[in-house]
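Per-entry structural report
Listed below are the residues making up each chain.
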Amino acid sequence: MHLSGAVALLAALVLFPTMSQAACSDPPGPGVDWRRCNFDNYPLAGVDLRGANLNDASFNWADMTGAKLDESRGRVRFGRAKMKGATFRDAQLRDADFSQADLTDTDFTGANLINVRFQTAILRGANLTGARLRDADFFRADLSGATWIDGKRICAEGSISFCR
């Protein structure tokens, strides 16, 4: 590459950053790239993060009540987050952690939840229709009233760790 070509390439990289660069200071919105960002304890109720890249991001203890995370993706930490009524339709959340999160009435329809941790989470009334749950950990999770992956079975009141 000639020197002028290298200078042009460097100028293009500086002047026109790629869409793959995460900016944790970017406002929430559909398709935002919040990889490796920390939003622990943030008030994010009702936020629209549909299609967001959240790989290695942290939302521990965050208030994400009613948040829209449909088609979002990443290995994300939502430990102890408040997520009542949030939506994760068709999300790709393999290896995510929802331990002790309040996921009451949350919609996980069609989500990839392989190897996800739901330890002691509250999933009362959650919709798991079509979700992929291989190796998901529901230890002491409350599944009362949740719709199971077949879209037909409703977990009985008192379903802890297993859908009964």
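Everything here concerns the structure above.
What comes next concerns the included structure. (Residues numbered from 1 in each chain as written. Predicted model: local features only at pLDDT ≥ 70, side-chain atom pairs only at ≥ 80, totals over all residues. Heavy atoms only, no water.)

It is worth spelling out the side chain of Thr147 at this point. Mapped onto the elements of the fold, Thr147 is located in the segment after helix H1 (3–15). According to the relative accessible area criterion, Thr147 is buried, its value standing at 15%. If sequence neighbours within four positions are ignored, Thr147 has contacts with Ala126, Asn127, Leu128, Thr129, Lys152, Arg153 and Ile154. (Helix = DSSP H or I, 4+ residues; strand = E, 2+ residues; numbered from the N terminus. Buried < 20%, exposed > 50% of the residue type's maximum accessible area, 1.4 Å probe, protein only. Contact = heavy atoms within 4.5 Å.)

Turning our eyes to something else, we now look at the state of the cysteines. Scanning the entire structure with this criterion turns up two disulfides. The disulfide partner of Cys24 is Cys37, and the gap between their sulfur atoms is 2.0 Å. Torsion about the S-S bond of the Cys24 and Cys37 cystine: about -90 degrees, corresponding to left-handed handedness. One end of the pair, Cys24, is in the segment after H1; the other, Cys37, is in the segment after H1, and 13 residues separate them in sequence. The class for Cys24 is partly exposed, based on a relative accessible area of 38%. Across the disulfide, Cys155 is cross-linked to Cys163 (sulfur-sulfur distance 2.1 Å). Taking the sign of the S-S torsion, about -110 degrees here, the bridge from Cys155 to Cys163 comes out left-handed. On the accessibility criterion, Cys155 (3% relative accessible area) is buried. According to the relative accessible area criterion, Cys163 is buried, its value standing at 12%. (Disulfide = S-S within 2.5 Å.)

With respect to the element layout, Thr104 can be found in the segment after H1. Those residues within four positions of Thr104 in sequence are excluded, and the remaining contacts are Met83, Lys84, Gly85, Ile122 and Arg124.

Moving on: unusual backbone geometry. If you check the backbone angles, Trp61 has positive phi at about 65 degrees while not being a glycine. Structurally, Trp61 is set in the segment after H1. Even without a glycine there, the phi angle at Arg80 is positive, about 60 degrees. Looking at the secondary structure, you find Arg80 in the segment after H1. The partly exposed category is assigned to Arg80, whose relative accessible area is 42%.

With that settled, consider the packing of aromatic side chains. Overall, the coordinates contain 14 aromatic pairs when judged by the stated rule. Aromatic pair Phe39 and Tyr42: ring centres 5.0 Å apart, planes at 85 degrees, arrangement edge-to-face. The buried category is assigned to Phe39, whose relative accessible area is 5%. Taking the centre distance of 5.4 Å and the plane angle of 20 degrees together, the rings of Phe59 and Phe78 count as stacked. Here the residue Phe59 occupies a position in the segment after H1, and Phe78 occupies one in the segment after H1, the gap between them amounting to 19 residues. The same class applies to Phe59 and to Phe78, which are both buried. (Phe/Tyr/Trp six-rings, centres within 6.5 Å; stacked < 30°, edge-to-face > 60°.)

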